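What follows is each chain in one-letter form.
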Amino acid sequence: MKILLEAAVESLDDALAAVAGGADRLELCANLSVGGTTPAQALIADVAGGSGVPVLAMIRPRGGSFVYSATEIDGMKRDVEMALDSGAAGVVLGVLDERNRVDVTLTQSLAKVAGAERVTFHRACDRTPDLGEAVDALISIGIPRVLTSGGAATAIEGAAVLAALVARVGDRLCVLAGGGVRSSNVREVIARTGVREVHARCERDAERIRAISDAVRGAT
C-alpha cells in the first residue's frame, strides 16, 4: 500500500517546490512559525489552482490556545466556506474545551459546515490529556483524519503511542504522523507506527521533500 506524503506550505513557491519533490497533498497555512493560521483567500485559490494536488487549508484564527470564543468560531465557519469556495479540497482545524479535551459540540458545528469527510483534526489533539479518548471523539463526529505526533515533541518520540492509536482506530480514522518527520527517520516512523500517511514541512526546498518522498517510497 502506498504511503501518502503531505507537505505543510505557506506560499505558492513552497507548494510548487513540495509538489516537484513528490508531495501527494498539501496543507496550506499562514504563519507556520506559530503552528499555522488561516491563509488568505487569494493564496488558497492560487495554490489550489496551480499545484495539481489536493490542498487542505488551515482554519485557525490565531496562534496560541485552541479554546475559541463564539465570535472566533463564527469567523472559522466563514473561513471554512471561503476556503472550500476558493478550491481547497478540505480543511484542517482543531477545537478544544477548557479541559483541553476535544470540544465535540464546536468541532461538530465546524465539521457540519465543511462536510465532516473533508476535515482533518490537527495537532491540537496532542494537547489533550487522553489521545485515545480524543480519537474516539473524532470518530463519533465522522472526521476521517487526525494529524498527531502521539502527544510527543516528534513522531519518533511518540511512535509507541502512534502505533497504539493506529491499532485502536483501525480503518475508522486515518492517523497522519507529523512532527519532526525527515528523510533520515521517516522509514522508522512508518515501520514503528504502521501509519499510511506522513506529514512534513516544506520551505521552498524541493530536494528536502524529494529526499523524504524517496525514503517513503522505499518503505512501501
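For the structure, see preceding data.
Structural notes, computed from the coordinates.

The rules behind the values
- Residues numbered from 1 in each chain as written.
- Predicted model: local features only at pLDDT ≥ 70, side-chain atom pairs only at ≥ 80, totals over all residues.
- Heavy atoms only, no water.
- 1 Å grid on protein atoms, 1.4 Å probe; cavity = no way out; pocket = protein on both sides within 12 Å on 5 of 7 lines; lining within 4 Å.
- Points joined across faces, edges and corners; volume = space filled by probe spheres on them.
- Helix = DSSP H or I, 4+ residues; strand = E, 2+ residues; numbered from the N terminus.
- Nonpolar A, V, L, I, M, F, W, Y, C, P; charged D, E, K, R; others polar.
- Axes fitted to C-alpha atoms, helices over the stretch in contact; angles between N-to-C directions.
- Parallel < 35°, antiparallel > 145°, perpendicular 65-115°, else oblique.
- Left-handed = near helix turned anticlockwise from the far one by under 90°.
- Contact = heavy atoms within 4.5 Å.
- Pairing = 2+ DSSP bridges.
- Buried < 20%, exposed > 50% of the residue type's maximum accessible area, 1.4 Å probe, protein only.
- Right-handed = clockwise from strand over helix to strand, strands pointing away.
- Polar contact = N/O pair within 3.5 Å; in protein donor to acceptor, adjacent residues only side chain to side chain.
- Salt bridge = Lys/Arg side-chain N within 4 Å of Asp/Glu carboxyl O.

What follows covers the layout of surface pockets. Quantified by volume, the largest pocket comes out at close to 550 Å³. In terms of residues, the lining of the largest pocket owes the most to one element, strand S8 (residues 197-201), which gives 3 residues. Counted by class, the lining of the largest pocket contains 9 nonpolar, 5 polar and 9 charged residues.

Interaxial distance between helix H3 (residues 70-85) and helix H4 (residues 104-114) falls to 9 Å at its minimum, and their mutual angle equals 25°. Taken as axis vectors, H3 and H4 run roughly parallel relative to one another. Here H3 and H4 pass one another in a crossing that is right-handed. Residues Ile73, Met76, Lys77, Val80, Glu81 and Leu84 of H3 pack against Leu106, Ser109, Leu110, Val113 and Ala114 of H4. For the contact of H3 with H4, the residue count by class is 8 nonpolar, 1 polar and 2 charged.

Read once around its circumference, the closed barrel built from 8 strands follows the order S1-S2-S3-S4-S5-S6-S7-S8, with strand pairing classed as parallel. The mean angle between the axes of side-by-side strands here comes to 25°, regardless of whether they run parallel or antiparallel. Bridge count for strand S2 (residues 25-28) against strand S3 (residues 55-58) is 3 bridges, and the pairing is parallel. Its bridge partner lying in S3, glutamate 27 is registered against leucine 56. The sheet strands contacting helix H1 (residues 12-21) are strand S1 (4-9) and S2, and the helix crosses S1 at an angle near 160°. Contacts between helix H6 (residues 159-169) and the sheet are confined to strand S6 (145-148) and strand S7 (174-178), with S7 contributing the most and set at about 165° to the helix.

Attention now goes to the pairing of S1. With 5 of its 6 residues buried, S1 lies for the most part within the structure. Here S1 runs beside S8; their pairing, made up of 5 bridges, is parallel. Across the sheet, residue alanine 7 finds its bridge partner in S8, namely alanine 200. In this structure, S1 lies alongside S2, joined through 4 bridges in parallel fashion. Note that in S2 the partner of alanine 8 across the bridge is glutamate 27. Considered for its hand, the β-α-β crossover made up of S1, H1 and S2 is right-handed.

Another aspect to go through is the environment of histidine 199. Take histidine 199: it is sitting in strand S8. Each C-alpha atom, one on histidine 199 and one on alanine 134, is 20 Å from the other, the two residues being 65 residues apart in sequence. Not counting the four nearest positions on each side in its chain, histidine 199 is found in contact with Glu6, Ala8, Glu27, Leu147, Leu176, Ala177, Gly178, Gly179 and Val181. Of the polar contacts made by the side chain of histidine 199, one reaches the side chain of glutamate 6; its length is 2.6 Å.

Let's shift gears to the pairing of S8. In regular strands, side chains alternate between the two faces of the sheet. Counting buried positions along S8 gives 4 out of 5 residues, so the element sits mostly inside the fold. Summarising the sheet, S7 and S8 pair through 3 bridges and their orientation is parallel. The partner of glycine 178 across the bridge, within S8, is histidine 199. With helix H7 (residues 186-193) bridging S7 and the parallel S8, this β-α-β connection has right-handed handedness.

Our next topic: unusual backbone geometry. One non-glycine residue, asparagine 31, lies in positive phi territory at about 55°. Tracing the backbone shows asparagine 31 in the loop between S2 and helix H2 (41-50). Accessibility expressed as a relative area gives 42% for asparagine 31, which makes it partly exposed. Located in the positive-phi region is asparagine 100, a residue other than glycine, with phi close to 65°. With respect to the secondary-structure elements, asparagine 100 resides in the loop between strand S4 (90-93) and H4. Among the residues examined, asparagine 100 registers a relative accessible area of 33% and is labelled partly exposed.

Enumeration over the complete set of coordinates arrives at 12 salt bridges. Here glutamate 197 ties to arginine 145 by a salt bridge, and the two come within 3.0 Å at their closest N and O atoms. Of the two residues, glutamate 197 sits in strand S8 while arginine 145 sits in strand S6, which places them 52 residues apart along the sequence. With respect to class, glutamate 197 is no different from arginine 145; both count as buried. Three or more residues joined by partner-sharing salt bridges are found here, namely Glu6, Arg25, Arg145 and Glu197.

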